[in-house]
Amino acid sequence: MTDKQLIVLTVNGEEHELLVEPRWTLLDVLRHHVGLTGTHVGCEHGVCGACTILVDGEPVRACLMYAVQAEGCAIRTVEDLGTPEEPNDLQQAFSEHHGLQCGFCTPGFLMLAEGFLAQEPSPTREQIRETVSSNLCRCTGYQTIVDAIEATAAQRSTESGRKEDAVR
Ligand code: FES
Ligand code: FES
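Values in this document were obtained by computation on a predicted structure and should not be read as measured data.

Once that is clear, we can look at helix 5 (residues 143-167). The first and last C-alpha atoms of helix 5 sit 37 Å apart over 25 residues, in line with the 36 Å expected at 1.5 Å per residue. By the burial criterion, the buried members of helix 5 are Ile145, Val146, Ala148, Ile149, Thr152 and Ala153. Those residues of helix 5 that are buried are in contact with helix 2 (89-96), helix 3 (106-119) and helix 4 (125-132).

The structure is reproduced here in structure tokens:
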């Protein structure tokens, strides 16, 4: 029997004490032990991006990371963005621009885009296209996902401009 290890994971600002086997992936631990099933399981070998989350602000494929490696990191999952009743601006834009159909890939795209926009608040359409090419979507044809991310970037930049004007 493999020895379990006690770890503390910080997920969406909350600490979780967990007894895990060193071989368990962060993806499985988030879904089965923390109870956050918004992060989806696709290929389980780093190809599809359905499991993308943020680790210390960087988009990471949760199926390629062991849970024990994530101790001490700030983990964000799709549950941290918003709720069906109160979606955040990016989720709202995905809805308005039809950036999803079956929705299976959507949590991964949302977290990918959230991490990308934090690092690149005013991206070109080409940069958005390059970024989303890391994740797979079998339904949308990608254009609507690019539209949603572009619209969010534009809206956030308008809002931050307004805030800057207000403090002047
Ligand atoms: S499930 Fe992780 S990349 Fe596909
Ligand atoms: S919306 Fe169906 S896989 Fe992307």
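Still more to cover.
The next point concerns helix 1 (residues 26-33). Among all positions in helix 1, only Leu26, Leu27, Asp28, Val29 and Leu30 are buried. Elements that come into contact with the buried residues of helix 1 comprise strand 1 (5-11) and strand 2 (14-20).

What follows deals with the domain arrangement of the protein. In terms of domains, the protein is made up of domain 1 (1-80) and domain 2 (82-163). Taken over C-alpha atoms, the centre of domain 1 sits 22 Å from the centre of domain 2. Across the boundary between the two partners, domain 1 contributes 14 residues, which contact 14 residues of domain 2. Elements with a minimum of two residues in the side of domain 1 that touches domain 2: strand 3 (52-55) and strand 4 (58-61). Among the elements that make up the side of domain 1 that touches domain 2, the one with the highest residue count is strand 3 (3 residues). By residue class, the composition of the side of domain 1 that touches domain 2 is 7 nonpolar, 6 polar and 1 charged.

A few words on the nonpolar core. One finds Leu26, Ala62, Phe109 and Ala113 to be the most contacted residues of the largest nonpolar core, which totals 41 residues. With 7 residues, helix 3 is the largest single contributor of residues to this core. When near neighbours in sequence (up to four residues on either side) are disregarded, Phe109 contacts Val132, Asn135, Cys137 and Ile145.

A few words now on the pairing of strand 2. Pairing analysis gives 7 bridges linking strand 1 to strand 2, with the strands arranged antiparallel. Directly across from Thr10, in strand 2, lies its bridge partner Glu15.

Look at helix 2 against helix 5: their axes get within 8 Å of each other, and the N-to-C directions meet at 135 degrees. Judged on the interaxial angle alone, helix 5 and helix 2 are oblique. Of the two elements, helix 2 crosses helix 5, and the hand of that crossing is right-handed. The segment helix 2 lies against helix 5, with Asp89, Leu90, Ala93 and Phe94 engaging Ala148, Ala151, Thr152, Gln155 and Arg156. Looking at the contact of helix 2 with helix 5, its residues break down into 5 nonpolar, 2 polar and 2 charged.

Reading guide: rules and limits
Residues numbered from 1 in each chain as written. Chains lettered and ligands numbered in written order. Predicted model: local features only at pLDDT ≥ 70, side-chain atom pairs only at ≥ 80, totals over all residues. Helix = DSSP H or I, 4+ residues; strand = E, 2+ residues; numbered from the N terminus. Expected span 1.5 Å × (residues − 1). Buried ≥ 20, exposed ≤ 12 C-beta atoms within 10 Å, placed from the backbone. Contact = placed C-beta atoms within 7 Å. Domains from an automatic or database assignment. Nonpolar A, V, L, I, M, F, W, Y, C, P; charged D, E, K, R; others polar. Core = buried A, V, L, I, M, F, W, Y, C linked by C-beta atoms within 7 Å. Pairing = 2+ DSSP bridges. Axes fitted to C-alpha atoms, helices over the stretch in contact; angles between N-to-C directions. Parallel < 35°, antiparallel > 145°, perpendicular 65-115°, else oblique. Left-handed = near helix turned anticlockwise from the far one by under 90°.

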